Amino acid sequence: MNFPATRLRRLRRTPALRSLVRETHLTPSALIQPLFVCPGEGVRKEVSSMPGVFNLSIDEALKEAEASAALGIGGLLLFGLPAEKDDQATGAYADDGIVQQTLRALKANRKLDPLVLIADICLCEYTSHGHCGIVVNQPAHQGGPQDPDAYTIDNDATLPLLARTAVAAAQAGADIVAPSDMMDGRVEAIRAALDAAALPDTPIMSYASKFASAFYGPFREAADSAPQFGDRRSYQMDGANLREAMREIDLDLAEGADLLLMKPAMPYLDVIRAARERTGVPIGAYQVSGEYSMLQAAFEKGWLDRDRATLESLLGIRRAGADFIVTYFAKDAAKLLG
Ligand code: PBG
């Protein structure tokens, strides 16, 4: 049937008609808000490249979490800025590490029960060199050799530390642990460690396909985690590779991942769609720091409509196939949706 019998505009005429036939929906419960927790009290320090995003001390993080829970947001993803860093990332798995302390404080507050508390599991915020794993052959000077053979990220030596970090977070109250380091075999190592620690019910959300991306730039200021030499391309994925992303997904699921996180989101919507079609497990997407910052910059200049562009950016990620979205817009979007 063709024009004039078929007129697709008939179903676009009123808001009510558009609402009735809408295919994709955004709800606050499908949004996860990242939080950057730091030592101290009363600290609320804005990240210069991410307007509206803060380093928060635990007392301030509690206030932020209460506001998020009141808005119906689904969960929080926690990152820690430790007081001290070392080459073994001790702060990541210490019982009194900053994320562990925060988790205990959040869990003690019953108003926060509706929030799923997710701990990002990685070493980069805790290592003195800023890499996500243990470095061997470390160059003598900061900013030293860019030659990939000048240092090695030791995959297998990193696994036990990631596993310890996951167990420490789960013991402190994390509802989900989310490894983001991109070491091979980490899901299996974490699953085994959780089970051995009598934590068989803690799910693993694996950042299965995480690409080496320029869009993580602002995060590294927020989490103080920029590598002091070299870059992350020997462990994070090459942005050109879709088939390899599918292999990462298959392996992580085989190792026991319960949910998947795809990252970044907007430049990789095709990867999210391919993941959706490949597996029935819940899939999240991370609208990363650079995606947020570039939109914020355009809003500040008055070049884009803040409210509409915020929701449209999230809707596109949902339409690509993500069940839920980690986003720095979580509170803004929840207010718009509420
Ligand atoms: C830790 C980690 C990073 C992000 C999430 N977990 C940084 C990185 O890999 O360099 C980036 C998130 C963002 O940019 O918002 N490895």
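Fair warning: this is a prediction, and the values are worked out from it, not measured in the lab.

Colleague: It is not clear to me how the site of the ligand should be interpreted in this structure. Could you clarify?
Modeller: Every one of the 18 residues lining the ligand counts as a neighbour, but Lys210, Arg220, Lys263, Ser289 and Tyr328 are closest to it. Measuring from a nitrogen atom of the ligand, one finds a side-chain N or O atom of serine 180 at 3.5 Å. Take arginine 232: an N or O atom from its side chain is 2.9 Å from an oxygen atom of the ligand. Notes on the ligand: free accessible area 400 Å², of which the protein chains cover 100%.

Colleague: Even after reading the chapter, I still don't get the nonpolar core, so can you show me in this structure?
Modeller: Inside soluble globular proteins, nonpolar side chains tend to come together where they are buried. Residues Leu103 and Val177 are the most contacted members of the largest nonpolar core, which totals 82 residues. Among the elements that take part in this core, helix 5 (residues 155-172) stands out by supplying nine residues, more than any other. With residues near it in sequence (within four places) discarded, leucine 103 still touches Leu78, Leu117, Ala119, Ala169, Ala172, Gly173 and Ala174. Listed in part, the 31 residues of the second largest apolar core include Phe36, Ile118, Leu295 and Tyr328.

Colleague: In this structure, what is going on with helix 4 (residues 98-107)? I would like to understand it.
Modeller: Those residues of helix 4 that sit buried are Ile98, Val99, Gln100, Thr102, Leu103 and Leu106. Looking at the packing, one finds that the buried side of helix 4 touches strand 1 (31-37), helix 2 (58-70), strand 4 (75-80), helix 3 (90-93), strand 5 (116-121) and helix 5.

Colleague: Could you clarify how one ought to interpret the state of the cysteines in this entry?
Modeller: A covalent bond between the sulfur atoms of two cysteines is referred to as a disulfide. Taken as a whole, this structure holds zero disulfides when the rule is applied. In this structure cysteine 122 is not part of a disulfide, and its nearest cysteine sulfur, from cysteine 132, lies 3.5 Å away. Judged by its relative accessible area of 1%, cysteine 132 is buried.

Colleague: Please explain the pattern of salt bridges as it appears in this structure.
Modeller: Side-chain pairing between opposite charges can occur once the charged atoms of the two side chains come close. Enumeration over the complete set of coordinates arrives at 16 salt bridges. With its nearest N and O atoms 2.7 Å apart, the salt bridge here joins arginine 110 to aspartate 113. A relative accessible area of 62% means that arginine 110 is categorised as exposed. Residue aspartate 250 pairs with arginine 278 through a salt bridge whose shortest N-O separation is 2.8 Å. In this pair, aspartate 250 is assigned in helix 8 (residues 242-255) and arginine 278 in helix 9 (residues 269-278), connecting sequence segments 28 residues apart. Taken together, the shared-partner salt bridges in this structure form one network comprising Arg44, Glu64 and Lys331.

Colleague: In this structure, what is going on with the pairing of strand 9 (residues 205-210)? I would like to understand it.
Modeller: Look at any regular strand and the pattern is simple: side chains alternate between the two faces of the sheet. The buried fraction of strand 9 is high, at six of six residues. Where strand 9 lies against strand 10 (residues 259-263), four bridges are found, and the strand directions are parallel. Residue pairing for strand 10: serine 209 is matched across the bridge by methionine 262.

Colleague: How should I be thinking about the environment of arginine 22 in this particular structure?
Modeller: Along the chain, arginine 22 turns up in the loop between helix 1 (15-20) and strand 1. Measuring from C-alpha to C-alpha, the distance between arginine 22 and arginine 12 comes to 10.0 Å, with 10 residues separating the pair along the chain.

Colleague: I tried to follow the packing of helix 11 (residues 306-320) against helix 12 (residues 330-337) on my own but got confused; where do I start?
Modeller: The axes of two packed helices give the description: the angle between them and the distance between them. Contact geometry of helix 11 with helix 12 gives a least axis separation of 10 Å together with a crossing angle of 105°. The angle between helix 11 and helix 12 falls in the class roughly perpendicular. The residues of helix 12 that touch helix 11, namely those facing Asp307, Thr310, Leu311 and Leu314, are Ala333, Leu336 and Leu337. Of the residues in the contact of helix 11 with helix 12, the class split is five nonpolar, one polar and one charged.

Colleague: Help me understand the side chain of glutamine 296, please; the structure alone is not making it clear to me.
Modeller: Residue position: glutamine 296 is located in helix 10 (residues 289-300). Each residue touching glutamine 296, except ones within four places of it in the same chain, is listed here: Pro51, Arg306, Phe329 and Asp332.

Colleague: Would you mind going over unusual backbone geometry with me for this structure?
Modeller: As a rule of thumb, non-glycine residues mostly have phi less than zero, and peptide bonds are mostly trans rather than cis. Note that the residue after phenylalanine 3, namely proline 4, is joined by a cis bond; omega there is 10°. Structurally, proline 4 can be placed in the segment before helix 1. With omega at -10°, the peptide bond leading from lysine 263 into proline 264 counts as cis. The residue proline 264 is located in the loop between strand 10 and helix 9 in this model. Even without a glycine there, the phi angle at methionine 182 is positive, about 70°. With respect to the element layout, methionine 182 can be found in the loop between strand 8 (176-179) and helix 6 (186-196). A positive phi angle is found at alanine 198, which is not glycine, with a value near 60°. Along the chain, alanine 198 turns up in the loop between helix 6 and strand 9. Under the relative-accessibility criterion, alanine 198 is labelled exposed at 62%.

Colleague: Got a minute to help me understand a positive patch on the surface in this structure?
Modeller: A cluster of basic side chains, namely Arg7, Arg9, Arg10 and Arg12, defines a positive patch on the protein surface. Secondary-structure assignment places arginine 10 in the segment before helix 1. The partly exposed category is assigned to arginine 10, whose relative accessible area is 47%.

Conventions used here
Residues numbered from 1 in each chain as written. Predicted model: local features only at pLDDT ≥ 70, side-chain atom pairs only at ≥ 80, totals over all residues. Heavy atoms only, no water. Near = heavy atom within 4 Å. Polar contact = N/O pair within 3.5 Å; in protein donor to acceptor, adjacent residues only side chain to side chain. Areas by Shrake-Rupley, 256 points an atom, 1.4 Å probe, with all protein chains shown as cover. Core = buried A, V, L, I, M, F, W, Y, C linked by side-chain atoms within 4.5 Å. Buried < 20%, exposed > 50% of the residue type's maximum accessible area, 1.4 Å probe, protein only. Helix = DSSP H or I, 4+ residues; strand = E, 2+ residues; numbered from the N terminus. Contact = heavy atoms within 4.5 Å. Disulfide = S-S within 2.5 Å. Salt bridge = Lys/Arg side-chain N within 4 Å of Asp/Glu carboxyl O. Pairing = 2+ DSSP bridges. Axes fitted to C-alpha atoms, helices over the stretch in contact; angles between N-to-C directions. Parallel < 35°, antiparallel > 145°, perpendicular 65-115°, else oblique. Nonpolar A, V, L, I, M, F, W, Y, C, P; charged D, E, K, R; others polar. Patch = residues over 30% accessible without salt bridge, like charges linked within 9 Å, V, L, I, M, F, W, Y side chains within 5 Å. Lys, Arg positive; Asp, Glu negative; His and termini not counted. Charge placed at Lys NZ, Arg CZ, Asp CG, Glu CD.

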